[in-house]
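Listed below, chain by chain, are the residues.
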Amino acid sequence: MEKTGNRFSVRQLAIIGLLSALVFVFSWIQVPVGDVGRVHLGNVFCALSGLLFGPLTGGLASGFGSMLFDFTNPLYIAESWVTFLTKFFIGFLAGLIAQRGEKRTLAKDVLGASAGSAAYVVLYLLKSFVKMALIEHQAAGAVQAQLITKGVTSLTNAVLAVVVSVLLVKAVRPALRRAGVLRG
């Protein structure tokens, strides 16, 4: 998606807004895992945003949609800016890799969604470790137990994001091209 001058077009802003809303809504479709984790569908739409519309649009939609989700829970509000940054990388890397070159391929979609999701897992676990161990000074055993739970749920979310976003992009991309929403 191209910028016009130094500003985004109304069309680009509308697409970012719509994709952010999808990330937000699908973050609510979740299964809690213990007290510290949840399996959800929000990351699917983070990856899908990048696969369909490229790195900047995908990154912004991922970041804004996830940050808005954080605004709905008082426990997450203070870290919403961190969520914006970490989730940004799902859509950004998915789009950067998938849209490299002229031809879109299944392999590039899988690699892009995988790279974005893996980057998020690493960043999220690093953020969690810094918060729990270095800021809150929790006991090493407590940190380890929480990181294991967060790691398992984050990896589950990553696999879901890759599989479902790649399936969806194959179904949605042709329709968006026919509708004139996607170019190329």
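Residues numbered from 1 in each chain as written. Predicted model: local features only at pLDDT ≥ 70, side-chain atom pairs only at ≥ 80, totals over all residues. Heavy atoms only, no water.

Chemist: I would appreciate a short explanation of the nonpolar core in the present structure.
Modeler: The nonpolar side chains of a soluble globular protein tend to be buried with one another. Within the largest apolar cluster, 23 residues are counted, with the highest numbers of intra-cluster contacts made by Leu51, Leu52, Phe53 and Ala113. For this core, the secondary structure elements donating two or more residues are helix H1 (10-27), helix H2 (42-53), helix H4 (80-98), helix H5 (106-135) and helix H6 (140-178). The greatest single-element share of this core, amounting to eight residues, is contributed by H2. Residues contacting leucine 52, with those up to four places away along its chain left out, are Gln99, Val169, Val172, Arg173, Leu176 and Leu182. Membership of the second largest hydrophobic core comes to five residues, among which are Ile16, Leu60, Met67 and Phe84. (Core = buried A, V, L, I, M, F, W, Y, C linked by side-chain atoms within 4.5 Å. Buried < 20%, exposed > 50% of the residue type's maximum accessible area, 1.4 Å probe, protein only. Helix = DSSP H or I, 4+ residues; strand = E, 2+ residues; numbered from the N terminus. Contact = heavy atoms within 4.5 Å.)

Chemist: Teacher, can you tell me more about H2 here?
Modeler: Quick reminder: α-helices carry 3.6 residues per turn. Residues three or four places apart thus point the same way. An ideal rise of 1.5 Å per residue puts 16 Å on 12 residues; H2 measures up with 17 Å between its terminal C-alpha atoms. Buried within H2 are the following residues: Gly42, Asn43, Val44, Phe45, Cys46, Ala47, Leu48, Ser49, Gly50, Leu51, Leu52 and Phe53. Residues of H2 that are buried sit in contact with H1, strand S2 (37-40), helix H3 (55-71), H4, H5 and H6. Backbone geometry just downstream of H2 places glycine 54 in the positive-phi region, at approximately 95 degrees. (Expected span 1.5 Å × (residues − 1).)

Chemist: What's the story with the pairing of strand S1 (residues 30-33) in this structure? I'm lost.
Modeler: Successive residues of a regular strand alternate their side chains across the two faces of the sheet. By the bridge criterion, four bridges tie S1 to S2 in an arrangement that is antiparallel. Opposite proline 32, over in S2, you have arginine 38 as the bridge partner. In textbook terms, the turn of a hairpin is the stretch between consecutive antiparallel strands, and for S1 and S2 this stretch comprises three residues, one of which, glycine 34, has a positive phi near 65 degrees. (Pairing = 2+ DSSP bridges.)

Chemist: Looking at this model, I keep getting lost on the packing of H2 against H4. Mind explaining?
Modeler: When two helices pack together, their arrangement is given by the angle between the helix axes and the distance between those axes. One can describe the packing of H2 onto H4 by two numbers: an axis separation of 7 Å at closest approach and a directional angle of 35 degrees. Relative to H4, the crossing made by H2 is right-handed. Touching Asn43, Cys46, Ala47, Gly50 and Leu51 of H2 are Lys87, Ile90, Gly91, Ala94, Gly95 and Ala98, all from H4. Taken together, the residues of the contact of H2 with H4 break down into six nonpolar, four polar and one charged. (Axes fitted to C-alpha atoms, helices over the stretch in contact; angles between N-to-C directions. Left-handed = near helix turned anticlockwise from the far one by under 90°. Nonpolar A, V, L, I, M, F, W, Y, C, P; charged D, E, K, R; others polar.)

Chemist: Help me understand the side chain of serine 128 in this model?
Modeler: Assignment of secondary structure puts serine 128 in helix H5. Residue serine 128 is classed as buried on the basis of its relative accessible area of 2%.

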